[in-house]
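A structural walkthrough
Each chain, written out:
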Amino acid sequence: MEANQETWMEQGDTQATKAAPAPAPQSDDEEKMEPNGRSMTEAWQATLAFLRNKWVLFLVLGLLGVGYALLGTLATAFDGLSWKAWFSLASVTVLVGCLAVGILPTHVLFAITLGVLVAFQCVSPPDSLVGFSNVGVATVAILFMVANGVTRTNALGIMFRYFMGNKKISLRLALFKIVTPLGLASGFLNNTPIFAMAIPVILRWCRTVQYAPSKLLMPINNALILGGTITLIGTSTNLIVSGLAESDQTLVDKEGNPLSFGIFGITKLGVIYFGIGVIYVVIFAPIDAMLPARQTYDSQIAEHAKEYMVSMRVSSKAKTVINQTVESAGLRHLRGLFLVEIQRGPSIIPAPAPDDRIEEGDVLVFSGQIDTVVDLYKRDAGLVPIQTEGEEPMLSPRFTHSLYEVVVSPNSLLLNGRRIRDVGFRQQFGAAVVAVASSSGSLIMNQKLGDIELHGGDTLLVEAGPRFYRRWGRNPNFALVYPLKDSSPPRDDWPHIIVSLTIAAAMVAIAAAEVTGIYTTAIVAALAMLLTGCQNIRESGAAIDIPVMLTIALAFGVGKSIETTGAGAAIANFIVWWLKPLGAIGVLFAIYVVVAILTSVITNNGAVAIMFPIVSGILKDGSVSDLDPYAALYVLMLAGSASFSTPIGYQTNLMAHSAGAYQFSDWVRFGLGLQIVLMIAGVLGAFFLY
């Protein structure tokens, strides 16, 4: 039979049955197969589909190419620009386009772009790696560790719940209550550690009140950036501009005195700038057309997750729920989690009402999806999972434990057909079963945990120490052992809460006082978190977000190509030349526009460094007589922090981009309007105040 079939395939369609017409012979192109098994026709159809779906991108890129050609031909500012500069501009343009449509992960696109620029010698190998040796990038990595130390003690969680509560409030009210204090704090403290410590707490709160994190993280990030413009020490960009200006003795004010920048010299302009920005984000962030509600990776998984039945005992250490009503404790309307009943001694309160009060010793029975169960497990160390009766509790501290999903193997002789209490999970595997999800997909209700009979395919949620996966990950009794990331409960005791907050506060205060740099204080703070037991080495290392760190470091190399090839300076000169005839206000608008564009594709410090010599030259030649030096330099500071319309302009943008699952278009849609409003406010404010 196989031989006959082979002969038929070799001879084409001539051996087909007479009952049906012979199909048309395949062309050579259709017979060719790619290595993955797809025909060339299918590959061509997929390519055409991609072009149809992304035609807007290619149209925009084509128009930009025409625009670059016209600039090179007609604008004198671009005369003599090398091919490397044009290639760098083209590469960054394609990068931004690919980011806009989300073809690949952000860090992968940056790596490809930087690799191309290095291959074409638009940036030297040492310059391409400048981000990996940058103190600021290293500081962000260390700040992830410090932030994790604060998070692991649940310090910010308690403060945040006290300030925001667990009830679902108006999104505009929530934004106002969050962005105002955080923004004002960033006027005196580095915004990166503030945001790094706030992200996990905000994500948890969003899950509790069922708000999409994308509705809050970008507005909070913008408020932190805006807050840095309130004082001279609020951001490194301000300090760089003031340092460059004060070191240039030929720059003087209108009275002929050397320029001097006090810590509150920019405040009267910065407060207006900050206030208008806060009003914008509070009004427009809740509007889906301006800022869509994006699903994070965890929430996408949760839609298809198994449901568990889990019981939690309210111990004396449960700070957030004892003597609280169900609603005030934040246990109502949880996404993917339902409070089934409260067991109080011999009595049961089914489907608890919002005003039912929780008491010490109560057993709370929940039905929910895994990510929400993990949040519940982590939110308060005083909520202790009910384990199998008759087994001794685990002796190691709870904060050293994590949760694991374990799938029972159909071939397991130890587990199949046996009750959990008869298996002796603690003695056999050193773990405690917390919940069970049936392989049939139905919830296991009205049955004590120890009485549940296990079958192949059932999924167990177990609590165990850090060595559980290494020891039992390939055990034949389990079809799968999956460690749940970031599932350890906090070290929820007041001494460690106070210590972690003290370390974090001391870190930012010492850096703000300029006793030493934030890099040094962050290292000391991270070590202090380890030595005081606020976190361990494994948790500290796992806290670093590798894709975010790669993106930040690679962005430096990409920006360096724009800077060293002269492309950035050419763009700056062209825009200033174009708006200079409008007088002082035209030059101020030109400064803002140029720096805002540059800081969208290179670092904010690099943008002001490129623009400062141009601004200095305009001030010195006196061609714009009514241009105040302080107005020009303060606009330069504001624009250097105006990284609102792309995720790649500032390191906290990238942190928000990853955590909020944003698309590139979200930044353009929400940030471009903010950019325009703030440009008008900042330029007019500087023109009339100075």
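Check the secondary structure of the chain and you find 29 helices and nine strands. Looking at the chain as a whole, 50% of its 690 residues are labelled buried. For the chain, the share of sequence-separated contacts (at least 6 apart) that also reach a separation of at least 24 residues comes to 78%. Entry remark: accessible area of the chain is about 31,200 Å², with carbon and sulfur atoms responsible for 62%.

It is at 9 Å that the axes of helix α13 (residues 236–247) and helix α27 (residues 629–640) come closest, and there the two elements cross at 150 degrees. Relative to α27, the element α13 lies roughly antiparallel. Considering how the two elements wind past one another, α13 and α27 form a crossing that is right-handed. Across from T237, N238, V241, S242 and A245 in α13, the residues of α27 making contact are L633, L636, M637 and G640. Among the residues forming the contact of α13 with α27, the class breakdown is five nonpolar, four polar and no charged.

For the rest of this paragraph, the subject is the packing of aromatic side chains. What the rule picks out here adds up to 13 aromatic pairs. With a centroid separation of 6.5 Å and an interplanar angle of 70 degrees, the aromatic rings of W83 and F87 are classed as edge-to-face. Of the two residues, W83 and F87 both sit in helix α5 (residues 83–101), four residues apart, roughly one turn of that helix. A relative accessible area of 23% means that F87 is categorised as partly exposed. Chaining the aromatic ring pairs together yields one cluster made of F425, F429, W472 and F478. Against the face of Y690 rests K268, its NZ or CZ located 4.8 Å from the ring centre.

All right, on to the environment of V462 then. Its place among the elements puts V462 in strand β8 (residues 459–464). For V462, a relative accessible area of 0% puts it in the buried group. Spatially, the C-alpha atoms of V462 and A432 are 5.4 Å apart, while their sequence positions differ by 30 residues. When sequence neighbours within four positions are dropped, the list of residues in contact with V462 reads S402, L403, Y404, V406, F425, A431, A432, V433, V434 and F468.

Take the packing of helix α23 (residues 546–564) against helix α28 (residues 651–659) next. Interhelical geometry of α23 versus α28 gives an angle of 145 degrees and a closest axis separation of 10 Å. Here the hand of the crossing between α23 and α28 comes out right-handed. Two secondary-structure elements touch here, α23 through V548, T551 and I552 and α28 through Q651, L654, M655 and S658.

This next bit is on the confidence of the model for the chain. Model confidence for the chain is summarised by a mean pLDDT of 77, while 81% of its residues fall at 70 or above. Element-level pLDDT for the chain is lowest in helix α1 (residues 2–10), with a mean of 39, against a maximum mean of 92 in helix α14 (residues 267–284). Scored below 50 in pLDDT, residues 1–37 makes 18 contacts in the model with residues more than four places away or belonging to other chains. Residue range residues 300–305 is modelled with pLDDT below 50. Its contacts to residues more than four positions away, or to other chains, number seven contacts.

Moving on, we get to the pairing of β8. By the criterion of burial, β8 is predominantly enclosed, with six of the six residues buried. In the sheet, strand β6 (residues 402–408) pairs with β8 via six bridges, with the strands oriented antiparallel. Across the sheet, residue S402 finds its bridge partner in β8, namely A464. With six bridges connecting them, strand β7 (residues 431–437) and β8 associate as antiparallel partners. Across the sheet, residue V433 finds its bridge partner in β8, namely V462.

The next point concerns the pairing of β6. Burial runs high along β6: seven of the seven residues are buried. Alternating positions in β6 separate into two faces, S402, Y404, V406 and V408 on one and L403, E405 and V407 on the other, with burial throughout. Looking at chain direction, β6 and strand β9 (residues 478–483) are connected through five bridges and run antiparallel. Within β9, the position partnered with E405 by the bridge is Y482.

Turning to its location among the elements, D362 is positioned in the loop between β3 (347–350) and β4 (363–369). There is a polar contact of 2.8 Å between the side chain of D362 and the backbone nitrogen of E359.

Moving on, we get to the pattern of salt bridges. Once their charged atoms are close, side chains differing in charge can pair, the charge on each being opposite to the other. This model, assessed by the stated rule, comprises six salt bridges. Between E359 and R344 there is a salt bridge, and its shortest N-O distance comes to 3.7 Å. One end of the pair, E359, is in the loop between β3 and β4; the other, R344, is in strand β2 (residues 337–344), with 15 residues separating them in the sequence. For E359, a relative accessible area of 37% corresponds to the partly exposed category. Classification of R344 as partly exposed rests on a relative accessible area of 23%. Notably, a salt bridge pairs D422 with R419, separated by 3.0 Å at the nearest N-O pair. Judged by its relative accessible area of 33%, R419 is partly exposed. Several salt bridges share partner residues, and in doing so they unite R344, E359 and D362 into one network.

Positive phi, normally seen in glycine, also occurs at Q121, with a value near 60 degrees. Along the chain, the position of Q121 falls in the loop between α6 (106–119) and α7 (125–128). Phi at N323 is positive, roughly 65 degrees, even though this residue is not glycine. Among the secondary structure elements, N323 is positioned in the loop between β1 (307–314) and β2.

The next subject is the nonpolar core. Residues L216 and Y592 are the most contacted members of the largest nonpolar core, which totals 123 residues. For L216, the contacting residues outside a window of four places in its chain are L171, L175, I178, I202, W205, C206, Y211 and Y662. Ranked by size, the runner-up nonpolar core spans 28 residues in total, among them L339, I370, V373 and L461.

Another aspect to go through is the environment of L251. If you trace the backbone, L251 turns up in the loop between α13 and α14. Residues L251 and L619, 368 residues apart in the sequence, show an inter-C-alpha distance of 7.6 Å. The residues touching L251, leaving out its near neighbours within four places in the chain, are A245, N257, P258, L259, F612, S616, L619 and K620.

The subject of this paragraph is α27. Between its first and last C-alpha, α27 extends 16 Å over 12 residues, near the 16 Å set by a 1.5 Å rise per residue. With 12 of 12 residues buried, α27 lies mostly within the body of the structure. Residues of α27 that are buried include every one of P629, Y630, A631, A632, L633, Y634, V635, L636, M637, L638, A639 and G640, and no others. One side-chain oxygen at the N-terminal end of α27 lies 2.8 Å from the backbone nitrogen of Y630; it belongs to D628.

Basis of the calculations
Residues numbered from 1 in each chain as written. Predicted model: local features only at pLDDT ≥ 70, side-chain atom pairs only at ≥ 80, totals over all residues. Heavy atoms only, no water. Helix = DSSP H or I, 4+ residues; strand = E, 2+ residues; numbered from the N terminus. Buried < 20%, exposed > 50% of the residue type's maximum accessible area, 1.4 Å probe, protein only. Contact = heavy atoms within 4.5 Å. Areas by Shrake-Rupley, 256 points an atom, 1.4 Å probe, with all protein chains shown as cover. Axes fitted to C-alpha atoms, helices over the stretch in contact; angles between N-to-C directions. Parallel < 35°, antiparallel > 145°, perpendicular 65-115°, else oblique. Left-handed = near helix turned anticlockwise from the far one by under 90°. Nonpolar A, V, L, I, M, F, W, Y, C, P; charged D, E, K, R; others polar. Phe/Tyr/Trp six-rings, centres within 6.5 Å; stacked < 30°, edge-to-face > 60°. Lys NZ or Arg CZ within 6 Å of the ring centre and 35° of its normal. pLDDT = per-residue confidence, 0-100. Pairing = 2+ DSSP bridges. Polar contact = N/O pair within 3.5 Å; in protein donor to acceptor, adjacent residues only side chain to side chain. Salt bridge = Lys/Arg side-chain N within 4 Å of Asp/Glu carboxyl O. Core = buried A, V, L, I, M, F, W, Y, C linked by side-chain atoms within 4.5 Å. Expected span 1.5 Å × (residues − 1).

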